[in-house]
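Given next are the chains, with one letter for each unit.
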Amino acid sequence: MTEEILHDAHFGEQGGRLTYGAYLRLPELLDQQVPESSPPAHDELLFITIHQVYELWFKLLLSELTDARDRMLAGESYLPRVRLERCLVVERVLVNQVDVIDTMTPQDFLAFRNKLAPASGFQSAQFREIEFLSGAKDPGFIRRFKGLADDDRARLQARLDEPSMWDGFLAVLVKAGFDVSTPDARFDAYAAIANDRERYGQLWDLAEALVAHDQAFSLWRARHVLMAERQIGTKPGTGGSAGGAYLRSRIEMRFYPELWEFRSRL
């Protein structure tokens with residue numbers, strides 16, 4: 001039987017049906033790093049690669065966060081925490097990836113920066129999707145930004161209209177028997193969970209996973225500010241934003257302010 005299975009196997013070079021490169025679509029993937037400068041500035045490949053990798057991580061985060069949200073809306077607490085733990089590991093990678101960008105000097109960035117306008121990281125629809133899904137919904141972003149592609153605009157509008165991670169967490173609390181109809185009722189629920197972790201351990205761990213996700217994005221924003229200021233100082237962003245000033249204004253944003261405020265009430 002085993003011999004029959006081996007004869008029927010078709011893996012990589014054995015069978016030739018599927019190769020590593022074909023499975024990952026490497027020819028298509030590696031054909032996407034196209035510098036705009038001519039002749040190509042040396043560090044433009046670095047800049048393009050880093051930001052494309054960010055978008056791939058954002059895609060994975062959206063998949064994990066959406067699944068966690070959906071499961072919480074169904075009243076689950078275990079697998080959503082598992083999904084958030086994976087997200088946290090990815091988010092640490094996002095922060096550490098900035099170190100790679102920091103190997104580029106301001107002079108090297110200036111060699112191709114003018115080619116980027118009006119493109120800007122401000123236009124990353126997936127990043128905004130993560131913010132909206134996580135609970136920081138900003139309808140004004142779609143109105144303010146005119147350069148969004150129709151597909152991006154539709155995805156962002158869908159994220160605005162659908163439940164957030166916070167809505168999912170509240171659904172878990174409701175299933176556990178807590179009243180979440182008012183802020184006071186919710187803080188009473190947080191206190192009950194915090195003071196009886198033997199009984200509500202999974203709920204406490206889930207809340208902590210949400211806070212860790214929130215904290216990781218705050219750290220990424222802070223690291224991004226320092227990177228931007230190191231590269232361009234106080235210049236405006238290529239997309240017309242206020243550059244470092246705008247990024248710095250976002251550092252204090254929180255996805256789950258009540259969970260942070262609860263620390264002061266413990």
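Residues numbered from 1 in each chain as written. Predicted model: local features only at pLDDT ≥ 70, side-chain atom pairs only at ≥ 80, totals over all residues. Heavy atoms only, no water.

Going by the annotation in an unreviewed UniProt entry, the name recorded for the chain is Tryptophan 2,3-dioxygenase, with Asanoa siamensis given as the source organism.

For the chain, the count of helices and strands is 14 helices and zero strands. When the helices and strands of the chain are listed from N to C terminus, the series reads α-α-α-α-α-α-α-α-α-α-α-α-α-α. For the chain, with 266 residues in total, the buried portion stands at 43%. Across the chain, the fraction of contacts at a sequence separation of at least 24, relative to all contacts at a separation of at least 6, is 72%. Approximately 15100 Å² of the chain is accessible, and the part contributed by carbon and sulfur atoms is 55%. (Helix = DSSP H or I, 4+ residues; strand = E, 2+ residues; numbered from the N terminus. Buried < 20%, exposed > 50% of the residue type's maximum accessible area, 1.4 Å probe, protein only. Contact = heavy atoms within 4.5 Å. Areas by Shrake-Rupley, 256 points an atom, 1.4 Å probe, with all protein chains shown as cover.)

Between helix H7 (residues 125-134) and helix H12 (residues 197-232), the shortest axis-to-axis distance is 12 Å and the interhelical angle comes to 145°. Crossing angle aside, the handedness with which H7 passes H12 is left-handed. Taking contact as the criterion, the partners of Phe127, Ile130, Glu131 and Ser134 in H7 are, on H12, His213, Phe217, Trp220 and Arg221. Split by residue class, the contact of H7 with H12 holds four nonpolar, two polar and two charged. (Axes fitted to C-alpha atoms, helices over the stretch in contact; angles between N-to-C directions. Left-handed = near helix turned anticlockwise from the far one by under 90°. Nonpolar A, V, L, I, M, F, W, Y, C, P; charged D, E, K, R; others polar.)

Applying the stated criterion across every chain, the model contains 20 salt bridges. Asp67 is the partner of Arg71 in a salt bridge, and the nearest nitrogen-oxygen pair spans 2.8 Å. Of the two residues, Arg71 and Asp67 both sit in helix H4 (residues 44-73), four residues apart, roughly one turn of that helix. Judged by relative accessible area, which is 24%, Arg71 ranks as partly exposed. A salt bridge links Glu76 to Arg71; its shortest N-O distance comes to 3.2 Å. A single salt-bridge network, built from bridges that share partners, covers Arg69, Asp70, Glu129, Asp152, Arg155, Arg159 and Glu162. (Salt bridge = Lys/Arg side-chain N within 4 Å of Asp/Glu carboxyl O.)

The set of residues buried in helix H10 (residues 165-175) consists of Met165, Trp166, Gly168, Phe169, Leu170, Val172 and Leu173. For H10, the secondary structure elements touched by its buried residues are H4, helix H5 (78-101), H7, helix H11 (183-195), H12 and helix H14 (257-265). Measuring from the backbone nitrogen of Trp166 back to the side-chain oxygen at the start of H10 gives 3.2 Å, which picks out Ser164 as the cap. Positive backbone phi, approximately 100°, marks Gly177, located one or two places after H10. (Polar contact = N/O pair within 3.5 Å; in protein donor to acceptor, adjacent residues only side chain to side chain.)

Okay, empty space enclosed by the protein next. By the definition in use, this model includes one cavity of 30 Å³ or more. Volume-wise, the largest cavity comes out at about 90 Å³. Looking at the largest cavity, the residues that line it are Phe169, Tyr190, Ile193, Trp204, Ala207, Glu208, Val211, Leu259, Phe262 and Arg263. Elements represented by at least two residues in the lining of the largest cavity include exactly H11, H12 and H14. Its residues placed into classes, the lining of the largest cavity shows eight nonpolar, no polar and two charged. (1 Å grid on protein atoms, 1.4 Å probe; cavity = no way out; pocket = protein on both sides within 12 Å on 5 of 7 lines; lining within 4 Å. Points joined across faces, edges and corners; volume = space filled by probe spheres on them.)

Attention now goes to the packing of aromatic side chains. For the structure on display, the rule yields 16 aromatic pairs. With a centroid separation of 5.3 Å and an interplanar angle of 35°, the aromatic rings of Phe127 and Trp220 are classed as tilted. Placement of Phe127 in helix H7 and of Trp220 in helix H12 is noted, with a sequence separation of 93 residues between them. You'll find Phe127 and Trp220 in the same group, each marked buried. Judged by centre distance (5.1 Å) and plane angle (55°), the ring pair of Phe178 and Tyr200 falls under tilted. With Phe178 in the loop between H10 and H11 and Tyr200 in helix H12, this pair connects stretches of sequence that are 22 residues apart. (Phe/Tyr/Trp six-rings, centres within 6.5 Å; stacked < 30°, edge-to-face > 60°.)

This next bit is on unusual backbone geometry. Of note, the bond from Ser38 into Pro39 is cis; its omega dihedral lies within 30 degrees of zero at -5°. One non-glycine residue, Arg25, lies in the positive phi region at around 55°. Its place among the elements puts Arg25 in the loop between helix H2 (20-23) and helix H3 (26-29). You can call Arg25 exposed: its relative accessible area is 59%.

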